Amino acid sequence: MSSRRGDIISLLTEASKQLREIENKYQLSLTKKHVSSDLKVKIKNLCENLRSVLDYLACDIREAKCSQLKENERFYFPILRNREQFESKMREWFPSLDSTSPDLWSYLESIQPYRGTGKEWLGEFNQVNNENKHSALVEQTKIEKEWVKATSIDGSSVEWSPQNVRFGNGVSVLNVPIDPSTQLPIPHPSLEVKRIVWVDFYFEGINKSALGLLKEATSGINQIAGKVSELL
C-alpha cells in the first residue's frame, strides 16, 4: 500500500502540472475559437491520471478494510446515481466496509453526485472520463454569451443579457433612456456602455465550462485522496 500511496502522490502532482498546461492551451484555443487536437489529448491524459488516483484508492480501501475478497473481481471507486445503487454496489465491491470502517463508508456516500449542490462534479468527471476511454475524445462545444454592462460616473453598474432581456419604450438604465431600436442606452457622457462577448468550451452534454470542470475534478480528487488516506 505504501508504494501505491507514492503513486497517488505522483499522479496528483502530475495532474496539477497538466492542468496548468491545459489552462494555457485552453486560453489559446478560446482565442482561435477552436479546440486543438493537442489540447484534447492533454485533457484525456489528465482525466486518465485522475481516474487512476480513484482506482488506486479503491484498491487501498479493499485491501485495508474489506474481507471475503475474490480474485479477479471487478470493482471501481464508487460514483453512483442514487443511494440504493450506492449501497448495493458498495456491498458488492467493498464487502463489510460498513462495519469495519463506518466513517469511511459515510464519507464515500457523502461525496456522491446525487447528494446535490457541490457534489455534481464527480459524476460529470466520470461521464467525461468514461467517454474518453470507450469512444472518441469527448467533443467540446463552443458557447458564446453576450451581455451589456453600463457603468455610471459614480461607479454604479448594471449588466444584462440581450438574449434574455428586451426593453420597450420608456425604460431607463441608471437614469439614461434605452433606445428600443438598438436595445442600448442612448449615448450620454454620464454612462459608459460595453458589449461583452464571453466565450467558453463545454463538454458535449454537460452544461458546465470544460476548464471549470477540470479544475473542480483536480482539486476535488486531491481532497478525496487526502480524506480517504486519513480514514484508512
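Just so you know, these numbers come straight off a predicted model, no measurement behind them. (Residues numbered from 1 in each chain as written. Predicted model: local features only at pLDDT ≥ 70, side-chain atom pairs only at ≥ 80, totals over all residues. Heavy atoms only, no water.)

Caption draft 1: A look at the overall build of the protein chain. Tallying secondary structure elements over the protein chain gives 7 helices and 6 strands in all. Traced from its N-terminal end to its C-terminal end, the protein chain shows the element sequence α-α-α-α-α-α-β-β-β-β-β-β-α. Radius of gyration (C-alpha) of the protein chain: 24 Å, far over the 17 Å computed for a compact globule of 232 residues. When the backbone C-alpha atoms are referred to their principal axes, the protein chain occupies close to 75 × 35 × 30 Å. A burial count over the protein chain gives 38% of its 232 residues as buried. Restricting to contacts in the protein chain with at least 6 residues of sequence separation, those with at least 24 account for 64%. Working note: accessible area of the protein chain is about 12,800 Å², and carbon and sulfur atoms make up 47% of it. Put simply, the protein chain has 31 plus and 31 minus side-chain charges, and the middle of one group is 2 Å from the middle of the other. (Helix = DSSP H or I, 4+ residues; strand = E, 2+ residues; numbered from the N terminus. Rg over C-alpha atoms; globule rule 2.2 N^0.38 Å. Buried < 20%, exposed > 50% of the residue type's maximum accessible area, 1.4 Å probe, protein only. Contact = heavy atoms within 4.5 Å. Areas by Shrake-Rupley, 256 points an atom, 1.4 Å probe, with all protein chains shown as cover. Lys, Arg positive; Asp, Glu negative; His and termini not counted. Charge placed at Lys NZ, Arg CZ, Asp CG, Glu CD.)

Caption draft 2: Representation of the pairing of strand β2 (residues 157-160) within the structure. Alignment of strand β1 (residues 140-152) against β2, held across 4 bridges, turns out to be antiparallel. Directly across from T151, in β2, lies its bridge partner S157. (Pairing = 2+ DSSP bridges.)

Caption draft 3: Examining the sheet that holds β1 more closely. Spatially, 3 strands are ordered β2-β1-β6 in an open sheet, and the strand pairing comes out antiparallel. Strand pairing shows two members of the sheet lacking a second neighbour, β2 and β6 (191-203), which therefore form its edges. Averaged over all adjacent pairs, the angle separating strand axes in this sheet is 25°, with direction ignored. Strand contacts of helix α7 (residues 210-231): β1 and β6, with the helix running at about 65° to β6, the strand carrying the most contacts. (Axes fitted to C-alpha atoms, helices over the stretch in contact; angles between N-to-C directions.)

Caption draft 4: Molecular detail of the side chain of Q18. With respect to the element layout, Q18 can be found in helix α1 (residues 2-32). Classification of Q18 by relative accessible area gives buried; the value is 10%. In contact with Q18, other than residues within four places in its own chain, are N45, L46 and N49.

Caption draft 5: Region of the structure containing the state of the cysteines. With the rule as written, the count across this model stands at 0 disulfides. No disulfide involves C66; its nearest neighbouring cysteine sulfur is the one of C59, lying 11 Å away. For C66, a relative accessible area of 12% translates into the label buried. (Disulfide = S-S within 2.5 Å.)

Caption draft 6: Focus on the sheet that holds strand β3 (residues 172-173). Pairing is antiparallel across the open sheet formed by 3 strands, whose spatial order is β3-β4-β5. At either end of the open sheet lies a strand with only one pairing partner, and these are β3 and β5 (184-185).

Caption draft 7: Highlighting the nonpolar core. In terms of nonpolar packing, the biggest core is built from 52 residues, with L54, L57, F77, L97, L108, F203 and I224 touching the most fellow members. Contributing elements (two or more residues each) for this core: α1, α2 (37-65), α3 (83-93), α5 (102-110), α6 (120-134), β6 and α7. For L54, the contacting residues outside a window of four places in its chain are F77, I79, L122, F125, I221 and I224. Within the second largest apolar cluster, 9 residues are counted, among which are A150, W160, L184 and L191. (Core = buried A, V, L, I, M, F, W, Y, C linked by side-chain atoms within 4.5 Å.)

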